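Summary of structural features
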Amino acid sequence: MTYAITQTCCNDATCVAVCPVNCIHPTPDEPDFGRTEMLYIDPRACIDCGACADACPVDAVFPADALAAAGQEEYAAVNAAFYEERAPRHVPEGGPNFHAWGAPSFARGLPYDFAPIRVAVVGTGPAGMYAAEDLLLHTNAEVTLVDRLPVAGGLVRYGVAPDHPATKRVGDTFARFHTHPRVRMYLGVDVGTDISAQELAAHHDAVVYAVGAAGDRRLGVPGEELACSVSATDFVAWYNAHPEVAPDAFDLSGTERVVVVGTGNVALDVARILVADPDALAATDIADHALAALRASAVREVVLLARRGPEDASCTAPELLALGRLPGVRLVVDDHDPRTWAAIDAAGPRDKAALLRGAARERVDWSGTPAADTGRRIVFRFHSAPEEIRAGAVRVTGEGGPVTVPAGMVLRAVGYRGRPVAGLPFDESAGTVRHEGGRVEGRPGTYVVGWIKRGPSGGIGANRTCAAETVGALLADAVAGTLPAPAGGARAFDRLVRGRARHVVDARGLAAIERAERARGEETGRPRVKLGTIPELVAAARARRRLPR
């Protein structure tokens, strides 16, 4: 029996580090690491030790013979296919392993007698927490975690779809550092409003910004600013109970068809949530207000609009594969353009387009709303782009000319975009802070990591490698003596923050929020019920009730 990696793989390579026979690839030192959609286990080399499954932070690794029971039997073939055309690595004769190991590397660290440095990390999502983890595990640094929201988590809490609970478990890995003895936490503090970037830098040896990409790209078509045209990022934040999106922001009771522009993972997420069974979502941590809205929803059809063909869909193969397994939901490909099915039919076994062969092939009639007898369905319309958004409809391109598609809502899912960070140089064209290898341009001691550094690409695990580069640069600067000396210490910073920010939440307050949300979930048989407003979060943090013994 061998093991296989499945849909929820986060690509952070924790499994690679524990594999005794080096059978998981690509590894961080290989050129294709970060470019593949997931990691893969070589079934010829796996020795069935299970170390990878134990180490995986998102429960993505299973014995191959157990996949069928979970409805994921295709992943055994997916893992094996990765190695079919991969040249075997040379193994010295007489070695104990089936694969050669490279020389050990200890690229990040400080001299043993180096005085502790104080580093502020702005943002508590995956990028920020991977940077904090790197500093805490490899150095004696003291880390200050800062976040503008009164709760930690970032993308894990507010970006991952609620029906992906395994992916959310990576947050447990990060949470163990919230109470680390060398960590101080200041949640509910906005750098640029409560304190300036200069004040933050003046109290630390270095500052790492991990603020993500909270904005969205625009379509640039007429009608984009209408009320029916909404950013998918706002919709994701809404169903994840983000406190900056009002609970009543979306009303689905009068909407039968939703058009989603884009075919990336976010587009698939919102399409899946819109047509999913609310009873199934009730077992997740989806926002209460979103669950109520979905129960009252009239949505029967979601159209995924793609400018290019199925061979160029920007979603990952695992997410596309999962879309076809939604109970009670039909997957349809609109046959309006002959190039679409030509690409699907010609796709090789490892091509993404081949995954759509099981979808229904229909020439969809867009003259009215979805027929009542069609049930719930997701329709891919390739080689089609929006030309104009109107109230109640969107005009799209097609092989035979423009078509008007009636739709109650249009969700723009064409990519995230970073926003300017107060006090830092910003590249408007790229939507990132200007930097060199993580070092912010013209700001000694200031660094960036994650999407604000490299743009909105790569999943959760991609931030581990990104953080390693940034932390490596920071430590090299520390050893070289080029970090500016801080003018104030930890106590002075504490006084400054608490004198400026109204509602500061520390690690004990965060733990109280966690207890409150889980207690609310226990009352309704759910993993947690999120607190969806800032006053609720702050009130829970201040309660700090202890668990009964």
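Details of the structure are given in the entry above.
Predicted model only: the values in this text are computed from it and were never measured.

Scanning the entire structure with this criterion turns up 10 aromatic pairs. Relative to F82, the ring of Y40 has its centre 4.4 Å away and its plane inclined at 10 degrees; by these criteria the two rings are stacked. Within this pair, whereas Y40 is found in strand β3 (residues 40–41), its partner F82 is found in helix α3 (residues 74–82), the two being separated by 42 residues in sequence. Each member of the pair Y40 and F82 is classed as buried. Among the aromatic residues, those joined into a ring-pair cluster are F235, W238, Y239 and F250.

Formed by 77 residues in total, the largest nonpolar core has its most connected members in I5, I24, L39 and I41. Every residue in contact with L39, bar those within four places of it in the chain, is listed here: I5, C9, N11, A13, C15, V16, I24, H25, P26, F33 and N79. Of all hydrophobic cores here, the second largest spans 52 residues; its members include A271, I273, A293 and M409.

Here we take up the sheet that holds strand β13 (residues 329–334). Reading across from one edge, β10-β19-β11-β12-β15-β13-β14 is the order of the seven strands in this open sheet, with parallel pairing throughout. Each end of this open sheet is capped by a strand with a single partner; those strands are β10 (229–231) and β14 (360–362). Within the sheet, the average angular offset between the axes of one strand and its neighbour, ignoring direction, is 25 degrees. Of the strand pairs in this sheet, strand β11 (residues 257–261) and strand β19 (residues 409–412) are connected by four bridges, and their pairing is parallel. Along β19, the bridge assignment pairs V259 with V410. Along the sheet, helix α9 (residues 232–239) contacts β10 and β19; its crossing angle with β10, the most-contacted strand, is approximately 70 degrees. Sitting on the sheet, helix α14 (residues 338–346) touches β13 and β14, and the angle it makes with β13 is about 110 degrees.

Reading guide: rules and limits
Residues numbered from 1 in each chain as written. Predicted model: local features only at pLDDT ≥ 70, side-chain atom pairs only at ≥ 80, totals over all residues. Heavy atoms only, no water. Phe/Tyr/Trp six-rings, centres within 6.5 Å; stacked < 30°, edge-to-face > 60°. Helix = DSSP H or I, 4+ residues; strand = E, 2+ residues; numbered from the N terminus. Buried < 20%, exposed > 50% of the residue type's maximum accessible area, 1.4 Å probe, protein only. Core = buried A, V, L, I, M, F, W, Y, C linked by side-chain atoms within 4.5 Å. Contact = heavy atoms within 4.5 Å. Pairing = 2+ DSSP bridges. Axes fitted to C-alpha atoms, helices over the stretch in contact; angles between N-to-C directions.

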